[in-house]
Amino acid sequence: MELAVFGTILIFVIGAIVRQALGSSYAQNQQLRAMRQAMKLSYKAGQKGEGARQTASITVIEDRLTAESGKHAAIERTPYVVGASATHNANLLMPITSTAETNLPVIDMIINGKQFALTLAKFKDVELARSCQNQSPCPAECNGNCSQDSFQFFPASSGIKWIKDCVKVTIELRVFLSCQNQSPCPAECNGDCSPSSLQSFTKITPSEETVGCAKLYDVVYNHKGYKKWCPIDPCPTPISNTGNLSADERFDLNRDGTHDVPPSEREKFYWQWFLVAGYNANYRPPYPLFTPHGQPPLPGPTIKTTELLMGEGIGIPLSDCSDNCKQAKNTFVDVDGDLKQESIMALTEDEYYNRSDWIDRSTGIIKNIRVMDMQEGDIDSTHVDSDPPPRPGLTNDTNMYASLRDGTYLLLEEGRLYKASCNPTSNPQDCAQFIRTVQKKDQVDVIERTIQLSNDTGRFCGTGGPVDLVSGQSNPVEACNSCFSSDNLRKTCMDRTKKLIYVRSRLKDRRGRKWITNVSGDAGVDFTVPKEK
């Protein structure tokens, strides 16, 4: 009895050791696999000159059968979840081209062999201001000037906050006049102001007016290195001599008109808002129009100077600049009013100088701006607990369904094998006694996980159903909408209304074994070969 108990304990301990070792081996294999996959993705992206996976981040999830010591083999599955990241530094400083979607940052999830490439941002153009010229009715922000020669602007949409007096513009209005009968006779007439004079002169009338621009926001942190930080009113005027937000406005965190941080707590608060104007900080008035030698200059208004009156401007960098490049400034600001910052993308030299729909060449007011919005990708990686639900990413919901062949989960067969007749003298092997044990399993497990998306970007599902390729790879989504219908229940499906991807992995478990044991001469086996009648 003691020997049997000891043997049972020994077998149990050996089984536990084997199970633990097998589980550790699975986990280590998954970690190494994820690292190899991340390095491979980063290397391939670097070879193609793509910035999406310059730093590849990958999560691998696999559901493996659990190592068990049960009589009828493993019936449970254990999820192994590992992550890895790798950077191919050959193109570490490669600039991001805003016209190439392959430059958007991507994270990869591989769930039981299905790879989901999820973008973390989106390129988009944001319209900030529109010209008042020829607008009817004339918007209030245009200060009553919607003429053909107007320099005024008004907000592009009702969601854009506006600085009414943003930039002071000094203008010279040039008018051609004849010298005939002018009194006193201008010096440009060369002393000939007779009724028959052929002389002419240009009358220059200076004037000033202020124009509006978009009201944007930057974040300033509470650190002595940030000279813009202001905890109490009145806030000091910066070196640029332009006004900015008051302390109450800076600590109006949700920008609803009421400050959210009491004055007694502001000295230790982490951050505050700072006003940035929709104005090109590198703007210079254009040169006067070229006129042939000896001819008078062309008539019309000419901008002489511009002066920013509120906040700081935006220094938009040039992506293809190689000489005398202007310094980038305030390129990470909230431009769409979602209380989170967007990254302003560089413009090409052609867009910067020749496209009037981007930056107004007369005043430097920014009319349109291109940004990389970190909240507009498949996954909003900036989501925090204070943001409205649902939280994006892999959810905690996991379901498992089993599909059985003919209703049979596990087939067990046990019995004796023998020959009814044999000749022990000529062929004693035919008289041997055997025990047979057969186990057979025929099952398909469907494991369902869900990925909560922040936005339906149309990368997985289009108007006609699943798209063919996602990030150059086969689309893992097999169906769109009606994810719990009989046709789609086993398919990986995207619910576009709820922005959910139901990842359904079909794992086959078709295993079996057959043991045949020779028990001839075993006194513990209590059966005999039947005699022939």
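Our structure's up above, just so we're on the same page.
Let us look at the structure shown here. (Residues numbered from 1 in each chain as written. Predicted model: local features only at pLDDT ≥ 70, side-chain atom pairs only at ≥ 80, totals over all residues. Heavy atoms only, no water.)

As for the packing of aromatic side chains
To keep things clear, this is the line we draw: Classification of ring pairs rests on two measures: the distance between centres of Phe, Tyr or Trp rings, Trp counted by its six-membered ring, which must be within 6.5 Å, and the angle between planes, read as stacked under 30 degrees, edge-to-face over 60 and tilted in between. Put simply, DSSP marks the helices as runs of H or I at least four residues long and the strands as runs of E at least two long, and each gets a number from the N terminus on. Buried, partly exposed and exposed residues are distinguished by accessible area as a fraction of the type maximum, computed with a 1.4 Å probe on protein chains only: under 20%, between the cut-offs, and over 50%, respectively. The criterion is that NZ of a Lys, or CZ of an Arg, lies within 6 Å of the ring centre and within 35 degrees of the ring normal, and then a charge sits over that ring.
Considering all chains together, one arrives at eight aromatic pairs under this definition. Here the aromatic rings of Tyr221 and Tyr270 are separated by 5.3 Å at their centres, their planes lie at 55°, and the arrangement is tilted. Pair noted here: Tyr221 is in strand E9 (residues 200-221) and Tyr270 is in the loop between helix H2 (247-250) and strand E10 (271-280), with a separation of 49 residues, a long-range link. Looking at Tyr221, the relative accessible area reads 29%, which means it is partly exposed. On the basis of relative accessible area, Tyr270 is assigned to the exposed category, the value being 58%. Ring centres of Trp229 and Phe251 lie 5.8 Å apart, and the angle between their planes is 85°; on these two criteria the pair is classed as edge-to-face. With Trp229 in the loop between E9 and H2 and Phe251 in the loop between H2 and E10, this residue pair connects regions lying 22 residues apart in the sequence. Taken together, the aromatic side chains of Tyr217, Trp271 and Trp273 make up a single cluster linked through ring pairs. Residue placement shows Arg255 over the ring face of Tyr217; its charged tip is 3.9 Å from the ring centre. Note that Arg255 overlies the ring of Trp273, its terminal NZ or CZ placed 4.5 Å from the centroid.

Considerations on the sheet that holds strand E13 (residues 332-333)
For the record, the criterion: A pair of strands is considered paired only if DSSP assigns at least 2 bridges between the two.
Taken in spatial order, the four strands line up as E5-E15-E14-E13 in an open sheet, and their pairing is antiparallel. If you trace the sheet from one side to the other, it starts and ends with strand E5 (122-127) and E13, each paired once. By the bridge criterion, six bridges tie E5 to strand E15 (residues 368-373) in an arrangement that is antiparallel. By the bridge assignment, Asp125 is partnered in E15 with Arg370.

Digging into the nonpolar core
Short version of the rule: Residues grouped as a nonpolar core are buried Ala, Val, Leu, Ile, Met, Phe, Trp, Tyr and Cys residues, joined through side-chain atoms within 4.5 Å.
By size, the foremost hydrophobic cluster in this structure holds 45 residues, and its most contacted members are Leu128, Val167, Ile314, Ile365 and Ile369. Sorting the residues of this core by element identifies strand E8 (162-178), E9, E10, strand E11 (300-308) and E15 as the ones contributing at least two each. Looking at which element gives the most residues to this core, the answer is E9, with seven residues. Membership of the second largest hydrophobic core comes to 17 residues, among which are Met109, Ile451, Val477 and Cys480.

Brief notes about the side chain of Arg255
As a reminder of what qualifies: In what follows, residue pairs with any heavy atoms lying within 4.5 Å of each other are defined as contacts.
Structurally, Arg255 is set in the loop between H2 and E10. In this structure Arg255 touches Lys161, Tyr217, Trp273, Asp334, Gly337 and Leu339, once residues within four positions along its chain are discounted.

Regarding the pairing of E10
With nine of its 10 residues buried, E10 lies for the most part within the structure. Judged from the seven bridges that link them, E9 and E10 form a sheet pairing that is antiparallel. Note that in E10 the partner of Asp218 across the bridge is Phe274.

Details of the pairing of E15
Counting buried positions along E15 yields six of six residues, so the element is predominantly enclosed. Side chains Asn368, Arg370 and Met372 of E15 all project onto a buried face; the interleaved residues Ile369, Val371 and Asp373 project onto the opposite face, where all are buried too. Sheet topology note: the strand E14 (residues 342-344)/E15 ladder contains two bridges and is antiparallel. For Ser343, the partnering residue across the bridge sits in E15 and is Met372.

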